[in-house]
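Descriptive analysis of the structure
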Amino acid sequence: MELDLLLILQMVTASLIGTIVYTLIGIAPGTDETAVLAPVTMVLVLTGFEPIVILTFFISAIVAKKLTDSIPVAIAGIPGGVMSAPMVEHAMVLKKHGMPEMSIRKMASGSVIGTIIAVPLSLLLANFILPFGDTLSQYANQVFLGGAIFLALMTKNRWFALLSIIPFAFLIQGLRHLYWEIGVVPEDKTVFTSFFLGITVGPVILKLVELLRRKVRENLPKYGIKEITLTKRKVEKGFPNPFKILDKKEVGTSSLASLFGVLTFFMSPVGMTIFLGETLTSRIKDPVKRAARAVSSMDGLTNAAYIAGTLIPLIAIGLPLSPTAIGPGGALFNAPPVFTPENNIHHMLTMGDFVVATIIGSVVAISITFYITIKYAQQICGFVFKYIPHEAMLGLFIGLVLMLSYMDAGIINIFGVLLVGLVAGFLHRKGVNYGVQFMTLYAAPWLVSLFF
């Protein structure tokens with residue numbers, strides 16, 4: 001794609017919007033990465049924005065969200081997202097010792113190091129894998145099924161996850177065949193987008209349906225107004241330097257964790273965060289030093305894993321072969337009718353386009369979000385906790401899902417997506433993670449065809 005001044009301006013604008021929006025979303029407690037990134041990315045794709053602009057937005061959103069979702073962890077012990085949950089225990093150690101400010105600074109700095117390492121390394125690794133991309137693409141269905149089986153075996157409830165693959169595939173294909181039979185959609189169209197989004201909000205849909213039962217509502221714990229105390233501190237001057245905020249050992253472990261985050265891009269980021277975070281700090285006896293080392297290393301790894309997990313499959317193969325790619329980044333690979341596995345960002349952009357988009361997105365996000373995080377973390381956190389309800393954001397994303405469901409296949413598909421969401425939410429609660437479900441969604445047509 002030929003880059004002109006107008007297109008670069010659009011990329012910068014998109015990254016600014018992505019940075020600001022996901023800086024705020026990252027601070028909001030409990031916002032799942034897939035649920036808040038996938039629907040918005042899908043809308044941008046279907047609206048018709050240039051592929052390079054969408055990619056720039058996505059990179060800036062990832063970096064910004066991963067930078068700020070550590071703030072509620074440090075201040076209130078509440079994860080800003082699924083990926084920040086493993087850091088709660090260590091952040092609470094620092095808070096117990098009166099150091100929540102240190103926790104924020106260490107995590108944000110680790111995140112910056114993760115980004116700095118992940119961007120060039122992901123581009124290099126993707127370039128190395130690129131010659132094998134066509135071969136892997138020929139076996140896409142088998143790869144998706146293999147990915148579902150692999151991820152199922154990696155979960156705690158592995159046998160249940162493994163047994164869920166075939167029934168879930170039949171549910172997906174059954175709804176598609178129903179739509180074809182009654183003429184809601186033509187037979188040459190496959191409903192994908194809304195089913196994908198139904199899975200992302202599945203746990204929320206399940207919880208909302210459960211609340212219709214009186215007994216469930218009565219048994220819920222009752223709380224009064226929750227008070228969170230924020231201690232004011234002085235605002236620093238100048239742009240913060242992550243290499244000065246972290247000591248040499250913390251820079252070293254954050255860099256090492258980030259390296260592993262890139263190399264294991266196909267693995268579960270949460271699993272790798274817990275494993276490496278504990279491994280790299282297990283021998284440190286001082287609780288404060290151990291916690292500081294752990295949170296900086298973990299945040300570096302999560303940022304690196306998200307960037308690598310999106311960029312490497314997108315550049316090298318064009319198929320979502322990582323948990324990040326099939327979750328938050330799924331719309332970059334498949335968002336019919338705009339993107340399909342045979343015609344998506346992988347096919348539309350050159351290597352140079354990927355480099356420019358990634359650099360613009362990550363530089364804008366780091367420049368703004370890291371500065372804000374270090375200087376105004378507590379003020380922003382107070383604003384979000386006070387004025388932006390978590391429920392309002394979830395309601396917005398569910399509204400987007402229902403709108404896209406209607407656009408995909410009319411009113412009947414709203415009920416179809418709610419059914420998919422209920423089943424997906426139940427499976428998620430039983431330990432079948434998003435990765436298994438998304439891989440099954442991709443493999444469903446081929447997998448079901450094996451039985452007929």
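Structure's up top.
A brief look at the structure comes next.

Each value, and the rule that gives it
- Residues numbered from 1 in each chain as written.
- Predicted model: local features only at pLDDT ≥ 70, side-chain atom pairs only at ≥ 80, totals over all residues.
- Heavy atoms only, no water.
- Helix = DSSP H or I, 4+ residues; strand = E, 2+ residues; numbered from the N terminus.
- Rg over C-alpha atoms; globule rule 2.2 N^0.38 Å.
- Buried < 20%, exposed > 50% of the residue type's maximum accessible area, 1.4 Å probe, protein only.
- Contact = heavy atoms within 4.5 Å.
- Axes fitted to C-alpha atoms, helices over the stretch in contact; angles between N-to-C directions.
- Parallel < 35°, antiparallel > 145°, perpendicular 65-115°, else oblique.
- Left-handed = near helix turned anticlockwise from the far one by under 90°.
- Patch = residues over 30% accessible without salt bridge, like charges linked within 9 Å, V, L, I, M, F, W, Y side chains within 5 Å.
- Areas by Shrake-Rupley, 256 points an atom, 1.4 Å probe, with all protein chains shown as cover.
- Salt bridge = Lys/Arg side-chain N within 4 Å of Asp/Glu carboxyl O.

Describing the overall build of the protein chain
When helices and strands are counted, the protein chain shows 22 helices and zero strands. Taking 2.2 N^0.38 as the reference for a compact globule, 452 residues should give roughly 22 Å; the C-alpha atoms of the protein chain span a radius of gyration of 21 Å, in line with that estimate. C-alpha extents for the protein chain along the principal axes are approximately 65 × 60 × 45 Å. Residues counted as buried form 54% of the 452 residues belonging to the protein chain. Across the protein chain, contacts joining residues at least 24 apart in sequence account for 80% of those joining residues at least 6 apart.

Quick word on the packing of helix α2 (residues 33-47) against helix α3 (residues 51-68)
Packing of α2 against α3 brings their axes to within 11 Å, and their N-to-C directions diverge by 160°. In terms of axis orientation, α2 runs roughly antiparallel to α3. The two elements α2 and α3 meet at a crossing, and its hand is right-handed. Residues Glu-33, Val-36, Leu-37, Val-40, Thr-41, Leu-44 and Val-45 of α2 touch α3, and the partners they reach there are Ile-54, Phe-57, Phe-58, Ala-61, Ile-62, Lys-65 and Lys-66.

Things to note about a nonpolar patch on the surface
Nonpolar side chains collect at one region of the surface, where Ile-8, Val-12, Leu-16, Ile-20, Leu-24, Phe-383 and Tyr-387 lie side by side and expose about 590 Å² of accessible area between them. Of all the secondary-structure elements, those providing two or more residues to the nonpolar patch are α1 (5-27) and α20 (351-387). Tallying contributions element by element places α1 first for the nonpolar patch, with five residues. Note on placement: Leu-16 falls in helix α1. Judged by relative accessible area, Leu-16 falls into the partly exposed class, the value being 34%.

Quick notes on the pattern of salt bridges
If you walk through the whole model with that rule in mind, you get three salt bridges. Linking Lys-106 and Glu-250 is a salt bridge whose minimum nitrogen-to-oxygen distance equals 2.7 Å. Here Glu-250 lies in helix α14 (residues 248-263) and Lys-106 lies in helix α6 (residues 100-129), a separation of 144 residues in the sequence. Overall, Lys-106 belongs to the buried group, its relative accessible area being 9%. The partner of Arg-429 in a salt bridge is Glu-210, with the nearest N and O atoms 2.5 Å apart. One end of the pair, Arg-429, is in helix α21 (residues 390-429); the other, Glu-210, is in helix α11 (residues 202-210), with 219 residues separating them in the sequence.

Details of the side chain of Thr-56
With respect to the helices, strands and loops of the structure, Thr-56 is situated in helix α3. Apart from the residues within four sequence positions on either side, Thr-56 is in contact with Met-11, Ser-15, Ala-357, Ile-360 and Gly-361.

Points about the environment of Val-184
In this fold, Val-184 is placed in the loop between α9 (158-182) and α10 (193-200). In this structure Val-184 comes out as partly exposed when scored by relative accessible area, which is 32%. Other than its neighbours up to four places away in sequence, Val-184 contacts Tyr-179, Ala-409 and Ile-412.

Comments concerning the side chain of Asp-408
As for its placement among the helices and strands, Asp-408 is situated in helix α21. For Asp-408, a relative accessible area of 12% puts it in the buried group. Setting aside its immediate chain neighbours within four residues, Asp-408 contacts Val-185, Lys-189, Val-191, Phe-192, Thr-193, Ser-194 and Asn-413.

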